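A structural walkthrough
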Protein chains: 2
Amino acid sequence: MIDVKQLKYFVTIAEEGQITKAAQKLHIAQPPLSQQLKQLEEELGVPLFDRKAKKMELTAPGKAFYEKAKRLLAQLDDAVAEVKEIEEGTAGTLSIGCVKSCFYYLAQAIRHFHEQAPNVTFHLREGDTFSICQLLYERRIDIGIVRLPIDSADYDVIRLPGERYVGVLPAQWKTGQPSLCMRDFADWPLLLLHRVHGAGQYERVIEECRRHGFEPNVLCECPDATILLSLVAQGLGATIVPQSTVALFRLPGIKVLEIIDSSMTAEAAAILDRQRYLPKSARTFLDVLQTVAARAAGEQHEER
Amino acid sequence: MIDVKQLKYFVTIAEEGQITKAAQKLHIAQPPLSQQLKQLEEELGVPLFDRKAKKMELTAPGKAFYEKAKRLLAQLDDAVAEVKEIEEGTAGTLSIGCVKSCFYYLAQAIRHFHEQAPNVTFHLREGDTFSICQLLYERRIDIGIVRLPIDSADYDVIRLPGERYVGVLPAQWKTGQPSLCMRDFADWPLLLLHRVHGAGQYERVIEECRRHGFEPNVLCECPDATILLSLVAQGLGATIVPQSTVALFRLPGIKVLEIIDSSMTAEAAAILDRQRYLPKSARTFLDVLQTVAARAAGEQHEER
DNA sequence: TTGCTTCCATATCTTTTTCGTATAGGATGG
DNA sequence: CCATCCTATACGAAAAAGATATGGAAGCAA
């Protein structure tokens, strides 16, 4: 079976014009090189060189094979380099699925990661937590970014720092203070994020309202943060969302106010298929994501 | 060092989806295949598969490498096939240098050879015997076709059948008989082939004239048969050339007559660089050339 | 859950291949 | 004609690849 080693040997001999010099260049002794060449010629069934007294000269088939061999070796090197680049995360594609309320993290992370690894391209998918998990299971995405809680049986869950919820009101609404209490929401129609499948933030917010002694008036539930916020901008009602959600989708016509008497935190996480090999680009991206999330959490504390 | 064998193994595993089946297909045991794969992954520094319970699944770098590897293996096969084709003479290029007075042989040989090996292309060079030898020495041509005698020290000489000389006269010249004697040339201005370097047919014809008791009146000597014959066609004089020479360059305005009282033969030969590997196409071509020359000689005898 | 099956990984031994040293043979040039 | 340079062959040593035996994890069925 023809071997890469034989190709390298052959190419070197062809370029050096003699076996002895080629052997030196290859850091092997001369006899084995003679043998390898002989073996290659036998495998091909074709003499590759005319053995002249002072120099080996390529035959017609030899010339043709030299060109091919050189090309093949170069392509092999390329292939190896590319594989390593993909592994190192300096090239390749990263597929990420993200719930909309976490796009702020994602956008920041992509921006920072792109500075480190400009050759990595992204495929983004959007959906609610359930569908993101589904995509991950189907291997359509490498990383999912979702809101907790989730059923974590099949995934590695990398928790991101929790963040506070904020109240979002139509800009024209009058409020006495520059901040809100949970009790304020008792009188307003509420628009809330709600997963299509399973329990999540929605249930948590309802729970919090009840803890503050009122049953919320939920006008609309919707799984998509941008739709929700645009409805708020239309003046339909107020909503309670994680802070980062409005950091990205800060539409005109809404105002964002702190809720001072609630310690609810929205938790997000990056999730991974446990059984799957993760390219280094993905691992690096996760680091970046965590850094971004941590900084966002820090800023939040400062504001407070 | 990455090995073709490893690539084949890897591709097979990738296609079979599991090591055990791949090992069966490759006719080796399973453990060595596991080891080879492991080794390849170590050399690349990248895991190529996710080991899942029931099937091996390619990682992102693995997918990329699979495509490259498959392509490389195909190209290697192509390269080997091409080299063998060139060796077998079913492809490649054949460079031939030929003196003009032998082009008849060459044309016939090329025509027949082309039927056998339509993928072989030709590079033709023309010159006198000396320059053809020179081209062969410089490896600009694979085969030379020349008139004897030559200095045969450095070449393998493959003699072609000898052929008779014929007299060529301007068409308008009146001759009593349908054939000629050497003596007839005593009265005519002669145009003769003459090598630029060294001795050859010219000297032989002069010698033959003297043997017949006259000193030829050489009006013009010239190394190129077509020029010579066109001068004859212009009525400038007569010439004596090998029969095959006029067989190809039968210009209007000349007539060809047998010389009945001379047994001079013109000898041609194919010559080869002794120290050089000869592709099979060249060897096959030589066979065809000899067949063609032999048949030409046969026809000549019949005519006679 | 238990037991069975399937498949990958590891360990060890055997065989094959490859390499290095020593040496012979052929061509070239002074 | 000898010295030199290069290639080819012979043979022992080292390295690599393969086969067999075995262990362990995961799926599947009872």
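Refer to the structure presented above.
Residues numbered from 1 in each chain as written. Chains lettered and ligands numbered in written order. Predicted model: local features only at pLDDT ≥ 70, side-chain atom pairs only at ≥ 80, totals over all residues. Heavy atoms only, no water.

1. Here's the deal with the interface of chain A and chain B
Many structure descriptions define interface size as the accessible area lost when the parts assemble. Counting residues at the interface gives 35 residues for chain A, matched by 36 residues for chain B. Between chain A and chain B, the buried area comes to about 3300 Å², and carbon and sulfur atoms account for 71% of it. Sorting the residues of chain A by area buried against chain B places M1, V83 and Y277 of chain A first, and these three jointly supply 16% of that buried surface. Connecting chain A to chain B are 4 salt bridges. Where D50 of chain A meets R139 of chain B, a salt bridge forms, and the shortest distance between an N and an O atom there is 3.4 Å. Applying the counting rule to chain A against chain B returns 4 residue pairs in polar contact (both at pLDDT 80 or more). (Contact = heavy atoms within 4.5 Å. Buried area = accessible area lost by both parts, 1.4 Å probe. Salt bridge = Lys/Arg side-chain N within 4 Å of Asp/Glu carboxyl O. Polar contact = N/O pair within 3.5 Å; in protein donor to acceptor, adjacent residues only side chain to side chain.)

2. Describing the sheet that holds strand 6 (residues 155–159) of chain A
Residue and element names in this part refer to chain A. Taken in spatial order, the 5 strands make up an open sheet running 4-3-5-14-6, and their pairing is mixed. In this open sheet, the two edge strands, each paired with only one partner strand, are strand 4 (120–126) and strand 6. For this sheet the average axis-to-axis angle between neighbouring strands, irrespective of direction, equals 25°. As paired elements, strand 3 (residues 92–98) and strand 5 (residues 143–147) share 3 bridges and run parallel to each other. What sits directly across from G97, in strand 5, is G144. (Pairing = 2+ DSSP bridges. Helix = DSSP H or I, 4+ residues; strand = E, 2+ residues; numbered from the N terminus. Axes fitted to C-alpha atoms, helices over the stretch in contact; angles between N-to-C directions.)

3. Remarks on the relation of the copies chain A and chain B
Superposing chain A onto chain B requires a rotation of 179° together with a translation of 0.1 Å along the rotation axis, leaving an RMSD of 0.3 Å. What the superposition gives is, in effect, a two-fold axis relating one chain to the other. (Least-squares fit on C-alpha atoms with pLDDT ≥ 70 in both.)

4. Topic: the protein's contact with DNA strand C
Neighbouring DNA strand C are 20 residues; A29 of chain A together with I19, T20, Q30 and R51 of chain B lie closest to it. The sugar and phosphate moieties of DNA strand C supply 76% of its atoms located within 4 Å of the protein. A distance of 3.5 Å separates a phosphate oxygen of DNA strand C from a polar side-chain atom of S34 of chain B. The contact in question runs from a phosphate oxygen of DNA strand C to an N or O atom on the side chain of K38 of chain B, over 3.3 Å. Contributions of two or more residues to the surface near DNA strand C are made by helix 1 (4–16) and helix 3 (30–44) of chain A together with helix 2 (19–26) and helix 3 (30–44) of chain B. Considered class by class, the residues forming the surface near DNA strand C number 9 nonpolar, 7 polar and 4 charged. (Near = heavy atom within 4 Å. Nonpolar A, V, L, I, M, F, W, Y, C, P; charged D, E, K, R; others polar.)

5. Side note on the side chain of S95 of chain A
In this fold, S95 of chain A is placed in strand 3. By relative accessible area, which is 12% here, S95 of chain A ends up buried. (Buried < 20%, exposed > 50% of the residue type's maximum accessible area, 1.4 Å probe, protein only.)

6. Notes on helix 4 (residues 60–88) of chain A
All names here are of chain A. Over its 29 residues, helix 4 runs 42 Å from end to end, which matches the ideal 42 Å to within 8%, given 1.5 Å per residue. Measuring from the side-chain oxygen of the N-cap residue of helix 4 to the backbone nitrogen of G62 gives 3.0 Å; that N-cap residue is T59. Note on helix 4: the residue one or two positions beyond its end, G89, has a positive phi of about 80°. (Expected span 1.5 Å × (residues − 1).)

7. A word on the environment of I28 of chain B
All names here are of chain B. Tracing the chain through its elements places I28 in the loop between helix 2 and helix 3. For I28, a relative accessible area of 27% corresponds to the partly exposed category. Other than its neighbours up to four places away in sequence, I28 contacts Y9, A23 and L33.

8. Considerations on the pairing of strand 11 (residues 238–242) of chain B
Across a regular strand the side chains alternate sides, sitting on one face of the sheet and then on the other. All names here are of chain B. Of all the 5 residues making up strand 11, 5 are buried; the element is thus mostly covered by neighbouring parts of the structure. Pairing analysis gives 4 bridges linking strand 7 (residues 163–170) to strand 11, with the strands arranged antiparallel. When the sheet's bridge partners are listed, G167 is paired in strand 11 with I240. One ladder, built from 2 bridges, connects strand 9 (residues 189–193) with strand 11; its direction is parallel. By the bridge assignment, L191 is partnered in strand 11 with T239.

9. Some words on the protein's contact with DNA strand D
Around DNA strand D sit 19 residues, and of these I19, T20 and R51 of chain A together with Y9 and A29 of chain B come closest. The share of sugar and phosphate among atoms of DNA strand D within 4 Å of the protein is 72%. Take Q18 of chain A: an N or O atom from its side chain is 3.3 Å from a phosphate oxygen of DNA strand D. Side-chain polar atom of S34 of chain A to a phosphate oxygen of DNA strand D: 3.3 Å apart, as the coordinates give it. Looking at the surface near DNA strand D, the elements that each hand over two or more residues are helix 2 (19–26) and helix 3 of chain A together with helix 1 (4–16) and helix 3 of chain B. For the surface near DNA strand D, the per-class residue count stands at 9 nonpolar, 6 polar and 4 charged.

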